[in-house]
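Each chain, written out:
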Amino acid sequence: MTSTEARSAPIFSPRPAGGTSSTVAARLPRLAVLGGTGRLGSAVVRGAQAAGFPVAAIVGGPNRRRSRSFPADVEELPLFAAVDLALALAGTDVIVSATTAAAEELNIPRWGEYSLPAVVATTGLSPRTLRALRDASTRAPIVADTNFSLGVQILTQLARALGPLPDGFDLSISETHRRSKRDHPSGTAQALVASLSGTGALGWSEASGVREPGRVEIASLRGGDVPGQHTLWVSGPHEVVRIEHWAFGREAFVDGILAAARWLAPARGPPPRPGLYSLRDVLSAPRPEGA
Ligand SMILES: NC(=O)c1ccc[n+]([C@@H]2O[C@H](COP(=O)([O-])OP(=O)(O)OC[C@H]3O[C@@H](n4cnc5c(N)ncnc54)[C@H](OP(=O)(O)O)[C@@H]3O)[C@@H](O)[C@H]2O)c1
């Protein structure tokens, strides 16, 4: 998914210096938040408003009209149904999408035609949707990542630093998410396995009680409204090392998403070339002076 060479990156705040002044707002891209009526999307809308991003449109489900479940604090913003996507994107600089895998199957081929930069946070995308995403990224830069949390970037960096393990040590990942999350194991758990290549791990398998030699075992739990928990277990015969990340709320993903939106439409300098990027690319890119 990465298309720039990533360096070991500091984790930085996406909030522009100077807060929410009108000069700052004028330099920030206008966002359309697809899925802005949902849990992650509404957190993005709130975070964007707090950071001074103009929110040009919110897009909900195919038949969504204003309802009592619509978050009160974003009630004044223009809300569109998915059928009106073209209309919703008319005044938009950057799309942010946090919908469902089924919705993306229809939405991405549609907005992919408009050559707009996009941040895609939706997980569990089908191979067909991923092909549509790659196609769209030939026309505009797109940041897609299974986890926009800055803490998970730290977890990934720690995983990447692991070398070969002593004999008798095994790698496992456990992950917990809200009961309605359909895909498993999480995309983050699978991406974490890719970061463990220095240990010699050969792919992953779902926990079944019998370990496959050399593979990272992944156990998935679904319950309540847990926003996201990932633990990397390094288990030896007499001891265990655990590296753990907990998201307390969807806000944990918002800073990374907004950093990506800013990176796609910089106030100064050229925007990134068309291509498919990850949050790691965003965080490791040099920042233009004054940004
Ligand atoms: N990458 C990350 O860091 C990260 C972090 C957290 C979550 N996620 C992912 O983000 C996605 C959303 O999670 P969530 O917890 O916010 O789910 P959610 O609360 O169920 O929200 C989904 C939203 O999608 C909307 N929607 C449905 N069909 C649509 C369409 N055709 N066009 C536009 N919007 C549509 C729904 O609107 P209606 O209510 O009107 O149907 C709803 O607002 C999931 O895939 C989740 O796994 C990613």
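Only a predicted model underlies this, so the values are computations on that prediction, with no experimental measurement involved.

Calculation rules
- Residues numbered from 1 in each chain as written.
- Predicted model: local features only at pLDDT ≥ 70, side-chain atom pairs only at ≥ 80, totals over all residues.
- Heavy atoms only, no water.
- Salt bridge = Lys/Arg side-chain N within 4 Å of Asp/Glu carboxyl O.
- Helix = DSSP H or I, 4+ residues; strand = E, 2+ residues; numbered from the N terminus.
- Buried < 20%, exposed > 50% of the residue type's maximum accessible area, 1.4 Å probe, protein only.
- Pairing = 2+ DSSP bridges.
- Right-handed = clockwise from strand over helix to strand, strands pointing away.

Peer 1: Can you tell me about the pattern of salt bridges, naming the residues and giving the values?
Peer 2: Opposite charge on two side chains permits them to pair, given that their charged atoms come into close proximity. A complete count under the given rule lists 10 salt bridges for this structure. For Asp93, the salt bridge goes to Arg30, with nearest N and O atoms at 3.0 Å. Of the two residues, Asp93 sits in the loop between α3 (85-88) and β4 (94-97) while Arg30 sits in the loop between α1 (22-27) and β1 (31-34), which places them 63 residues apart along the sequence. Notably, a salt bridge pairs Asp170 with Arg211, separated by 3.8 Å at the nearest N-O pair. Here the residue Asp170 occupies a position in strand β7 (residues 170-177), and Arg211 occupies one in the loop between β8 (204-206) and β9 (216-222), the gap between them amounting to 41 residues. One salt-bridge network, held together by shared partners, links Arg39, Asp225 and Arg250.

Peer 1: Just give me the short version of the pairing of strand β6 (residues 141-144), but keep the residues and values in it.
Peer 2: Burial of β6 is two-sided: the residues Pro141 and Val143 facing one way and the residues Ile142 and Ala144 facing the other way are all buried. Where strand β5 (residues 118-120) lies against β6, three bridges are found, and the strand directions are parallel. The residue bridging Ala118 from the neighbouring strand is Ile142, located in β6. Following the backbone out of β5, through helix α5 (residues 127-136) and into the adjacent parallel β6, one traces a crossover that is right-handed.

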